[in-house]
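# Summary of structural features
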Amino acid sequence: QVRLVESGGGLVQAGESLRLSCAASGTIVSINNMGWYRQAPGKQRDLVATITSDGITNYAVSVTGRFTVSRDNAKNTVDLQMASLKPEDTAVYYCRALIQGPDFSFRYYWGQGTQVTVSS
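Along each chain, the written sequence defines residue order, and numbers are assigned to residues from 1. Totals for whole chains, interfaces and linings use all residues, but because this is a predicted model, local features are given only for residues with pLDDT of at least 70 and pairs of side-chain atoms are given and counted only at 80 or more. Processing note: side-chain calculations cover all non-hydrogen atoms of the structure and skip hydrogens and water entirely.

### Some points on the nonpolar core
Quick note on the threshold: Remark: nonpolar core denotes a set of buried residues (Ala, Val, Leu, Ile, Met, Phe, Trp, Tyr, Cys) joined through side-chain atoms within 4.5 Å. Accessible area is worked out with a 1.4 Å probe on protein chains only. A residue is then buried under 20% of its type maximum, exposed over 50%, and partly exposed in between. Where helices and strands are cited, they refer to DSSP runs of H or I of at least four residues and of E of at least two residues respectively, numbered from the N terminus.
In terms of nonpolar packing, the biggest core is built from 29 residues, with Trp36, Leu80, Met82 and Tyr93 touching the most fellow members. Contributions of two or more residues to this core are made by strand 3 (18–25), strand 4 (30–39), strand 5 (45–51), strand 7 (67–72), strand 8 (77–82), strand 9 (91–100) and strand 11 (114–119). Counting residues per element, this core draws most heavily on strand 9, at five residues.

### Focus: the side chain of Arg38
Condition: Each polar contact in these results corresponds to two N or O atoms within 3.5 Å; when the atoms are within protein, one needs to be able to donate a hydrogen and the other to accept it, and residues that are neighboring in sequence are counted only if both atoms are side-chain atoms.
For Arg38, the position within the fold is in strand 4. Classification of Arg38 as buried rests on a relative accessible area of 14%. Within the local environment of Arg38, its side chain forms a polar contact with the side chain of Asp89, the two groups lying 2.9 Å apart. In terms of polar contacts, Arg38 uses its side chain to reach the side chain of Tyr93, at 2.9 Å.

### Details of unusual backbone geometry
Non-glycine residue Asn76 carries a positive phi angle of around 55°. Note that Asn76 resides in the loop between strand 7 and strand 8. With a phi angle near 50°, Ser84 is a residue other than glycine that sits in the positive phi range. Using a relative accessible area of 39% as the deciding quantity, one classes Ser84 as partly exposed.

### A look at the packing of aromatic side chains
Where we set the bar: Side-chain rings of Phe, Tyr and Trp, where Trp is taken by its six-membered ring, are said to pair if the distance between their centres is within 6.5 Å; with planes under 30 degrees apart they count as stacked, over 60 as edge-to-face, and otherwise as tilted. Here, a charge over a ring means that NZ of Lys or CZ of Arg falls within 6 Å of the ring centre while also lying within 35 degrees of the ring normal.
For the structure on display, the rule yields two aromatic pairs. With centroids separated by 5.2 Å and ring planes inclined at 65°, the aromatic side chains of Tyr37 and Trp110 adopt a geometry described as edge-to-face. Remark: Trp110 occurs in strand 10 (residues 106–110) and Tyr37 occurs in strand 4; sequence separation between them is 73 residues. The exposure class assigned to Trp110 is partly exposed, which follows from its relative accessible area of 36%. Here a set of aromatic residues connected by ring pairs shows up, and it is made of Tyr37, Tyr94 and Trp110. Directly above the aromatic system of Trp110 lies the positively charged group of Arg45, at a separation of 4.6 Å from the ring centroid. The ring of Tyr108 is capped by Arg96, whose NZ or CZ atom sits 3.7 Å from the centre of that ring.

### With respect to the environment of Val92
Spelled out, the test is: Whether two residues are in contact is decided by their heavy atoms, any of which lying within 4.5 Å being enough.
Note on placement: Val92 falls in strand 9. Considering only alpha carbons, one finds Val92 and Thr64, 28 residues apart in sequence, at a separation of 19 Å. With residues near it in sequence (within four places) discarded, Val92 still touches Tyr37, Arg38, Gln39, Gly113, Thr114 and Gln115.

This is the structure:
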């Protein structure tokens, strides 16, 4: 059974930095795209950043230049380094990955989410 587990959320002040990590475990043949999404109270879940297995990245406009996504293919992990945090970055952050399982089919998996709160 495949699982994604996030860590690293917390409460920080505006302007500070925070690093989120996500680890995939279970019977995994390969992982295609990995990424981070966030959902603020009363809002839809939005893309923050994604990274392909070749390291090609994509960012939401609102975080470009402040957030950096990276992955370790050997460890099946994806990280999100967040700098210059703003109160509007407050949300639950979710990890998502497109994973090939033992039946060789691909499906998306989500982590349980980690809270990031930025105070002004």
